[in-house]
Amino acid sequence: MTNRTFDPQQAMADARHEFGEHGGVNMSIEASTTFTVMTPDLMPEIFSGQLGPTGGCYLYGRHFNPTVFVLGRMVAAMEGAETGYGTASGLSAIAAVIMQRCGGGGKVVSSNTLYGGTWALLDEYLPKNCNVETTFVDIQDLASVENAMKNGASVLYTETLSNPTLRTADISSLAKIAHDHDAILVVDNTFTPMIISPMQHGADVVIHSATKFISGASDVIAGIICCSKSFLEELMDLHLGSLMLMGPTMDPIVAFRLSLRLPHLAARMKEHSARAMYFAKQLQEFGQVVMYSGLPEHPDYNLFTKIANKDFGYGGLFTIDMGDAERANKLMDVLQNKFKFGYMAVSLGYFETLMSCPGTSTSSEMSEEVQRQAGISPGLVRFSIGLTGGVEERCEQMKKAIKLCS
Ligand SMILES: *Cc1c(COP(=O)(O)O)cnc(C)c1O
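The structure displayed is predicted, hence computed values, not measured ones.

Undergrad: It is not clear to me how helix α15 (residues 391-405) should be interpreted in this structure. Could you clarify?
TA: Two residues of an α-helix separated by three or four positions point the same way, owing to the 3.6 residues in each turn. Here α15 spans 21 Å end to end across 15 residues, near enough to the 21 Å set by a 1.5 Å rise per residue. Among the residues of α15, Arg394, Cys395, Gln397, Met398, Lys399, Ala401, Ile402 and Cys405 are the ones counted as buried. Turning to α15, the residues buried within the fold contact α11 (265-285), β9 (317-321), α13 (325-338) and β12 (380-384).

Undergrad: I tried to follow the packing of helix α6 (residues 142-149) against helix α7 (residues 171-180) on my own but got confused; where do I start?
TA: Where α6 meets α7, the closest approach of the two axes is 10 Å, and the angle between their N-to-C directions is 20°. As judged from the angle between their axes, α6 and α7 are roughly parallel. Here the hand of the crossing between α6 and α7 comes out right-handed. Contacts between α6 and α7 involve Leu142, Val145, Glu146 and Met149 from the first element and Ser173, Leu174, Ile177 and Ala178 from the second. Residues of the contact of α6 with α7, tallied by class, amount to six nonpolar, one polar and one charged.

Undergrad: Mind showing me how you'd approach the sheet that holds strand β1 (residues 83-87) here?
TA: The strands making up a sheet associate through backbone hydrogen bonding, with each pair oriented either parallel or antiparallel. An order of β1-β7-β6-β5-β4-β2-β3 is seen for the seven strands of this open sheet, with the pairing classed as mixed. Two strands close off the open sheet at either side, each with one partner strand: β1 and β3 (133-137). On average, adjacent strands in this sheet sit at an angle of 20° to one another, irrespective of strand direction. Sheet topology note: the strand β5 (residues 184-188)/strand β6 (residues 205-209) ladder contains three bridges and is parallel. Note on β6: the bridge partner recorded for Val187 is Val206.

Undergrad: So what exactly am I meant to see when it comes to the packing of aromatic side chains here?
TA: Any two aromatic rings considered together are summarised by their centre-to-centre distance and by the angle between their planes. This structure, assessed with the given rule, holds eleven aromatic pairs. Here the aromatic rings of Trp119 and Phe136 are separated by 4.0 Å at their centres, their planes lie at 25°, and the arrangement is stacked. Placement of the pair is Trp119 in helix α5 (residues 116-130) and Phe136 in strand β3, with a sequence separation of 17 residues. When its relative accessible area of 6% is taken as the criterion, Trp119 is described as buried. On the basis of relative accessible area, Phe136 is assigned to the partly exposed category, the value being 23%. Taking 4.4 Å as the distance between ring centres and 40° as the angle between the ring planes, the aromatic pair formed by Tyr350 and Phe351 counts as tilted. We classify Tyr350 as buried; its relative accessible area is 16%. Three or more aromatic residues joined by ring pairs form one cluster here, namely Phe279, Phe318, Phe341 and Phe383. Sitting over the ring of Phe312, Lys270 keeps its end group 4.9 Å from the ring centre.

Undergrad: How should the domain arrangement of the protein be read in this particular structure?
TA: A common measure of how large an interface is: the accessible area buried when the components associate. What the domain assignment lists for the protein is domain 1 (8-262) and domain 2 (264-405). Relative to domain 2, the C-alpha centre of domain 1 lies at a distance of 27 Å. Each partner contributes residues to the interface: domain 1 has 38 residues there, and domain 2 has 44 residues. When domain 1 packs against domain 2, the two sides together hide about 3,400 Å² of surface, and 65% of this comes from carbon and sulfur. Applying the counting rule to domain 1 against domain 2 returns one salt bridge.

Undergrad: Sorry, what's going on with the sheet that holds β12 here?
TA: The strand order β8-β9-β12-β11-β10 describes an open sheet built from five strands, whose pairing is mixed. Of all the strands in the sheet, just β8 (290-291) and β10 (343-344) have a single pairing partner and so form its edges. Its contacts with the sheet place α13 against β9, β10, β11 (354-356) and β12, and it is angled at close to 35° to β12.

What counts and what doesn't
Counting restarts for each chain: residues are numbered from 1 in the order of the written sequence. Where local features are concerned, this predicted model is filtered to residues with pLDDT of at least 70; where side-chain atom pairs are given and counted, the filter is 80 or more; whole-chain, interface and lining totals use all residues. Water and hydrogen atoms were dropped before computing side-chain values, which therefore reflect all heavy atoms in the structure. In DSSP terms, a helix is any run of H or I states spanning at least four residues, a strand is any run of E spanning at least two, and both are numbered starting from the N terminus. One less than the number of residues in a helix, times 1.5 Å, gives the span that helix is expected to have. Summary of the burial criterion: residues with accessible area below 20% of their type's maximum are buried, those above 50% are exposed, and those between are partly exposed, where the area comes from a 1.4 Å probe applied to protein chains only. Note on contacts: a residue pair qualifies if any of its non-hydrogen atoms lie within 4.5 Å across the two residues. Every angle, taken between N-to-C directions, lies between 0 and 180 degrees, and every axis is a line fitted to C-alpha atoms, over only the stretch in contact when it is a helix. In these notes the angle categories are as follows: under 35 degrees is roughly parallel, over 145 is roughly antiparallel, 65 to 115 is roughly perpendicular, and the rest is oblique. Whether a crossing is left-handed or right-handed is set by the direction in which the near helix is turned from the far one by less than a right angle, anticlockwise for left-handed and clockwise for right-handed. Amino acids are sorted into nonpolar (Ala, Val, Leu, Ile, Met, Phe, Trp, Tyr, Cys and Pro), charged (Asp, Glu, Lys and Arg) and polar (every other residue, Gly among them). A pair of strands is labelled paired if DSSP reports no fewer than 2 bridges between them. Put simply, two rings from Phe, Tyr or Trp (the six-membered ring, in Trp's case) pair if the centres are within 6.5 Å, and we call them stacked under 30 degrees between planes, edge-to-face over 60, tilted for the rest. A ring has a charge above it when a Lys NZ or an Arg CZ is no more than 6 Å from the ring centre and no more than 35 degrees off the ring normal. What counts as a domain boundary in this text is fixed by an automatic or database domain assignment. Buried area: the accessible surface (1.4 Å probe) lost by two parts on joining, summed over both. Definition used for salt bridges: Asp or Glu carboxyl oxygen within 4 Å of a side-chain nitrogen of Lys or Arg.

See below:
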């Protein structure tokens with residue numbers, strides 16, 4: 001299954017051949033919520049699912065929109081998936097997939113280090129409202145994952161890189177465990193588009209919060225689901241599809257804007273990676289505790305290196321541990337307000353550096369005890385390294401700021 005020769009950049013380029021209406025180099029925006037049915041006899045065929053977007057027949061904007069569909073195809077090509085679909089947010093993509101498989105008494109086995117919103121969804125919202133049972137496990141501990149799967153779960157859920165602890169999931173081993181138990185492996189690949197392609201290692205569904213690196217400009221909230229054609233048909237089913245009926249539809253204008261960001265996603269990811277690597281090495285030499293997947297000291301360095309696509313590096317995120325929340329906050333304050341180094345803000349993948357203290361922000365949905373179990377220290381600061389400024393100057397600013405906080 002492992003395929004070191006998969007090239008997501010080329011795969012996406014091969015899929016991108018949609019001209020605009022008048023021969024424009026960019027595709028046109030299909031800004032219509034409904035579509036003309038040319039003859040009355042076609043209507044029942046569309047409604048019964050015999051004709052659909054692949055047959056050139058669109059029905060209604062919440063079902064399929066051609067512009068959104070093209071974006072989905074581009075991201076699917078990047079992941080090596082059969083098909084893809086755009087949603088209103090990353091979280092709505094996650095919710096729709098889990099609901100489709102587990103709503104009404106189904107079970108999920110999930111990593112215990114997750115994006116805070118996904119954690120709350122799986123820990124509280126879905127169990128309370130949809131009778132979904134979630135078992136959280138240390139996704140690094142394959143024996144405990146295997147053991148938890150014995151309860152009949154139909155979804156095994158993980159993020160490629162755990163948030164914010166930056167541990168790499170062993171996707172092919174997790175896929176094997178899921179498949180041995182007749183379950184699907186769902187992977188949130190938001191942190192590592194282009195860099196790791198989970199489907200090449202056996203994942204069944206890949207989800208992105210396109211709000212992050214795919215957008216790159218922190219200007220839109222959006223999500224993408226990459227999956228098989230048959231699973232997308234289930235999600236879009238007029239009677240039982242969670243996407244169709246809960247309706248987290250992506251606006252075609254958003255899909256169009258994101259489609260213009262994809263051709264330079266590879267170049268951006270390489271630059272994010274190169275800069276994060278520079279910082280990680282420099283800060284390590286400086287004596288600072290750094291967690292970065294690209295440092296040989298990182299516990300998952302070999303695993304990441306083995307499963308990553310060639311030449312994209314190790315991603316744009318790293319964390320440093322300032323010891324306690326007070327020093328973490330002081331560091332961010334100095335960096336933002338004294339050096340104009342970046343912004344104190346949640347989120348990631350922006351062209352400017354974003355920094356946050358996960359304990360009191362993106363992981364605050366977890367209790368202190370749960371955070372401790374997940375390895376989230378109160379002084380942890382997460383950096384999503386941006387693309388602006390000189391990397392050497394930026395790194396000097398960081399060292400100066402750390403000195404001021406010690
Ligand atoms: C931001 C994020 C989400 C949620 O995405 P939205 O687009 O904000 O709904 C899910 N997973 C990860 C890893 C994220 O960073």
